[in-house]
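If you want the building blocks of each chain, they are given just below.
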Amino acid sequence: MLSVSNVSKTYAAGDKALDDVSFTIPSGQVVGLIGPSGAGKSTLIRCVNRLVEPSSGTITLGDTPITGLSAGELRAVRRRIGMIFQEYALVERLTVMENVLSGRLGYVSFWRSLLRRYPSTDVQKAYALLDRVGLIDHASKRADALSGGQRQRVGIARALEQDPELLLIDEPTASLDPKTSRQIMRLLIEICNERQLPAIINIHDVVLARQFTERIIGLQAGRIVFDGPPSELNETVLTKIYGEEDWTTLDNESEAA
Amino acid sequence: MHASSKTTNTHADISAYPSHWKRPPVFIQRAWLRWAIGLAALLWFVLALGTIEVNWTRVAEGLERGWRFIKGFLTPDFTTRWSDISKGLIESLTMTLTSTVVGVLLSVPVGIGAARNVAPKAVYYVCRSIIAVSRSLQEIIIAILFVTMFGFGPFAGFLTLSFATIGFMAKLLAEDIEDIDEKQSEAIRATGASWLQLINYGVQPQVMPRLIGLSLYRLDINFRESAVIGIVGAGGIGATLNTAIDRYEFDSAGAILIIIIAVVMVAEYSSGYVRRWAQ
Ligand SMILES: Nc1ncnc2c1ncn2[C@@H]1O[C@H](COP(=O)(O)OP(=O)(O)OP(=O)(O)O)[C@@H](O)[C@H]1O
Ligand SMILES: [Mg+2]
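Residues numbered from 1 in each chain as written. Chains lettered and ligands numbered in written order. Predicted model: local features only at pLDDT ≥ 70, side-chain atom pairs only at ≥ 80, totals over all residues. Heavy atoms only, no water.

1. A word on the overall build of chain A
Now for step 1: Across its full length, chain A holds 10 helices and 10 strands.
Now for step 2: Taking 2.2 N^0.38 as the reference for a compact globule, 257 residues should give roughly 18 Å; the C-alpha atoms of chain A span a radius of gyration of 18 Å, in line with that estimate.
Now for step 3: A principal-axis box enclosing the C-alpha atoms of chain A has dimensions of 55 × 45 × 35 Å.
Now for step 4: A separation of at least 24 residues holds for 68% of the contacts in chain A among residues at least 6 apart in sequence.
Now for step 5: Put simply, chain A shows about 10,800 Å² of open surface, and 48% of that area lies on carbon and sulfur atoms.
Now for step 6: Both charge centroids of chain A, one from 29 positive and one from 32 negative side chains, sit 9 Å from each other. (Helix = DSSP H or I, 4+ residues; strand = E, 2+ residues; numbered from the N terminus. Rg over C-alpha atoms; globule rule 2.2 N^0.38 Å. Contact = heavy atoms within 4.5 Å. Areas by Shrake-Rupley, 256 points an atom, 1.4 Å probe, with all protein chains shown as cover. Lys, Arg positive; Asp, Glu negative; His and termini not counted. Charge placed at Lys NZ, Arg CZ, Asp CG, Glu CD.)

2. So, the interface of chain A and chain B
Now for step 1: With 31 residues of chain A at the contact, the number on the chain B side is 19 residues.
Now for step 2: Summed over both partners, the interface of chain A with chain B buries about 2,200 Å², with 55% contributed by carbon and sulfur atoms.
Now for step 3: Its largest share of buried area at the contact with chain B, chain A owes to A:Arg93, A:Leu105 and A:Phe110, together 27% of the area lost on that side.
Now for step 4: Here chain A and chain B share 2 salt bridges between them.
Now for step 5: Linking A:Arg46 and B:Glu186 is a salt bridge whose minimum nitrogen-to-oxygen distance equals 2.7 Å.
Now for step 6: For the interface between chain A and chain B, the tally reads 13 residue pairs in polar contact (both at pLDDT 80 or more).
Now for step 7: Elements represented by at least two residues in the side of chain A that touches chain B include exactly α2 (71-78), β6 (81-84) and α4 (110-114) of chain A.
Now for step 8: The dominant element in the side of chain A that touches chain B, judged by the number of residues it contributes, is α4(A), at 3 residues.
Now for step 9: Grouping the amino acids of the side of chain A that touches chain B by side-chain chemistry returns 13 nonpolar, 7 polar and 11 charged. (Buried area = accessible area lost by both parts, 1.4 Å probe. Salt bridge = Lys/Arg side-chain N within 4 Å of Asp/Glu carboxyl O. Polar contact = N/O pair within 3.5 Å; in protein donor to acceptor, adjacent residues only side chain to side chain. Nonpolar A, V, L, I, M, F, W, Y, C, P; charged D, E, K, R; others polar.)

3. A few points about the environment of B:Gln204
Now for step 1: Relative to the helices and strands, B:Gln204 resides in helix α9 (residues 195-229).
Now for step 2: Within the structure, B:Gln204 has its side chain in polar contact with the side chain of B:Asn200 (distance 2.8 Å).

4. Let's talk about the packing of helix α4 (residues 82-113) of chain B against helix α7 (residues 154-178) of chain B
Now for step 1: Viewed as axis vectors pointing N to C, α4(B) and α7(B) meet at an angle of 35 degrees, and their least axial separation amounts to 6 Å. In the packing of α4(B) onto α7(B), the handedness of the crossing is right-handed. (Axes fitted to C-alpha atoms, helices over the stretch in contact; angles between N-to-C directions. Left-handed = near helix turned anticlockwise from the far one by under 90°.)

5. Considerations on a nonpolar patch on the surface
Residue and element names in this part refer to chain B.
Now for step 1: The grouping of Leu-39, Leu-42, Phe-45, Val-46, Leu-49, Ile-52, Val-54, Trp-56, Val-59 and Leu-63 at the surface amounts to a nonpolar patch, some 1,100 Å² of accessible area in total.
Now for step 2: Elements with a contribution of two residues or more to the nonpolar patch: α2 (31-51) and α3 (56-74).
Now for step 3: Along the polypeptide, Ile-52 turns up in the loop between α2 and α3.
Now for step 4: Looking at Ile-52, the relative accessible area reads 56%, which means it is exposed. (Patch = residues over 30% accessible without salt bridge, like charges linked within 9 Å, V, L, I, M, F, W, Y side chains within 5 Å. Buried < 20%, exposed > 50% of the residue type's maximum accessible area, 1.4 Å probe, protein only.)

6. Concerning α2(B)
Now for step 1: With 21 residues, α2(B) extends 31 Å from end C-alpha to end C-alpha; this agrees with the ideal 30 Å at 1.5 Å per step.
Now for step 2: Counting buried positions along α2(B) gives 0 out of 21 residues, so the element sits mostly on the surface. (Expected span 1.5 Å × (residues − 1).)

7. A short note on the pairing of strand β3 (residues 30-34) of chain A
Residues and elements named next belong to chain A.
Now for step 1: Across the 5 residues of β3, 5 count as buried, placing the element largely inside the fold.
Now for step 2: On β3, burial covers both faces: Val-30, Gly-32 and Ile-34 on one face and Val-31 and Leu-33 on the other are all buried.
Now for step 3: Relative to strand β8 (residues 199-202), β3 runs parallel, the two sharing 4 bridges. Its bridge partner lying in β8, Leu-33 is registered against Asn-202.
Now for step 4: Pairing analysis gives 4 bridges linking β3 to strand β9 (residues 215-220), with the strands arranged parallel. (Pairing = 2+ DSSP bridges.)

In C-alpha cells, the structure reads:
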C-alpha cells in the first residue's frame, strides 16, 4: 500500500509543481494519473521513489516512510519500487538480458554485478519474464536493436525483475503507435492483476486511461481536482482538468472502443 | 470558420510589409566604432610586422641548410646509424605504450570525479584542479622538469607522457560523462543501484566507445610527443633525431622522420579499425 500525504514540490526555479497532494493506493489497484502537460504528473511519481526530492509532506510504502531516509535506506526502498519510462530508458549498449538483470542491482553486490555473475534464481526469473513479455529469443541482442514496443517490454521486464511492491509508470505508451499502445497497456494491467501489484500510470490518453484503469486521479496545476472511477469522468470533470474544449468527440470515441 | 479567417489573412495586401531584412550586427552596434576598431587592429598588425628584424644573410644560409635537409630526407640513410635508430625507436615505443596505459588508467577515476553529474562537489573541484594543472603545463616544460629531477633517459619521458595523458583523457572523459543520456542512468538509479553500479551500468556503456577511441588517439599523440621531448633529454627516438641533426647527418635524420611518419600512419589506420569495432 502506498500513501502520499500533503506532498508539495517547489523546484529551485520557483515553479510550484505539486501543491498539497494526498491519496492512498491499496494493493492491487491500478490508478491512472491524468492532467495537462506541466500539471506535475511526472513530478508526482518521481517524488515517490525520490528521483525528485519532495519539498514537504510524507510518503510511505507499506510501513516504510520513504521521505527522510538515508542514502543506504533509500536504495533498499527503491528496489521495492519498479519504474517504467516513456522513452523506455534502457541502457542502449547493453544486451536485453543485462537490462533485465539490472533490476537486481539493488540486491546483489558490486562484484557480482560487475562480472555479470547473478544468482541463478535471478537469471531464471529474467528468462521467465522475457518469456512472459514475448522476448525470450532476444535475450542476447543489444537493446538498441529492438523496436519501440519491444523496448518497452524489456522495460517492463526490468521493473518486474525487481520483485516490486509498487509500479510507477510514466507515460508508457506516448512513444508508441495506437495498436502497440493498447497491447502494452493490456500487458501492464494483466501483470498487475496477476501479482496484485498496485500501480500509478501516468497517461496522456484519456481514452486509454478510462479503458484500462479502475481509478483515475486528475491533476491540474499541481493539485488533485478529481479522484474517482472512470465512469465519473464526464465533460464537466474533463473541463476542470484540461480546460474548456469540445469533449463530445472523445466520449463517442471511448464508447466506440 | 477557422479556415475562412485564415484565408482572409493570407489575402491581406502583402506589399504593406517591409521587403528588406538585415541581420543586426552581433558585436558592436555603432558602425563607425566597428570600422575604427578594425582599422586600429590592421595598423597594429602592420607595425608589429615592421619590428621583426630579418637578417637576410642568415635567411640565405638557412635556406641552403634547409635544402640539404630536404636532400637528406629524399635520400634517407637507415643503415649507418641503424643501431642508434632502432634503440631510440624501441625506447620511444615502450615509453609511449606504458605511459598511455598508465595515463589512461589514472585518468578514469580523475575523469569520473571531474564529471559534475556523477561526482560530489568537493571531489569535482579537486579533480578539475588536477586536470587544469596537467593541461596548463606543456609537455616540453614537464619534460625539462622531470629530466632535471630524474636525469636523462626514457624514465623522465614516461613520467612526462603519463602526466600529460591524465589531463587530456580526464578532461575529455569528464565532458563525455556530462553529456550522457540521463534517462538511462536515472533508470539504473531507480532500481536501487549503488554509486559504483550506477557508473558500471548507467555510465560506462555510454562512454566506452569514445574512451577507447580517445585512448588510441592519445597513443599516437604520445608517440609524436616522445619524439619532441627526446630533444630536451627525455630519451627515445627524439634523442636520436636530435643527435643526428646536431651532427649534420641529415640523411639519418630523414630516415628517422620517415619512421615517425610511418608509425603514426599505422596507428591512424589501425585506430580507425578498432574504433569501428568498439561501437
Ligand atoms: N527538473 C525541473 N526543474 C525545474 N522545474 C521543473 C523540473 N521538472 C519539471 N518542472 C516544472 O514542474 C512542472 C510540472 O512538470 P511535470 O514534468 O511534472 O509535468 P507533467 O504533468 O509530467 O507534464 P507532461 O505531461 O508534459 O509530461 C512544470 O511547470 C515544469 O516546468
Ligand atoms: Mg511528464
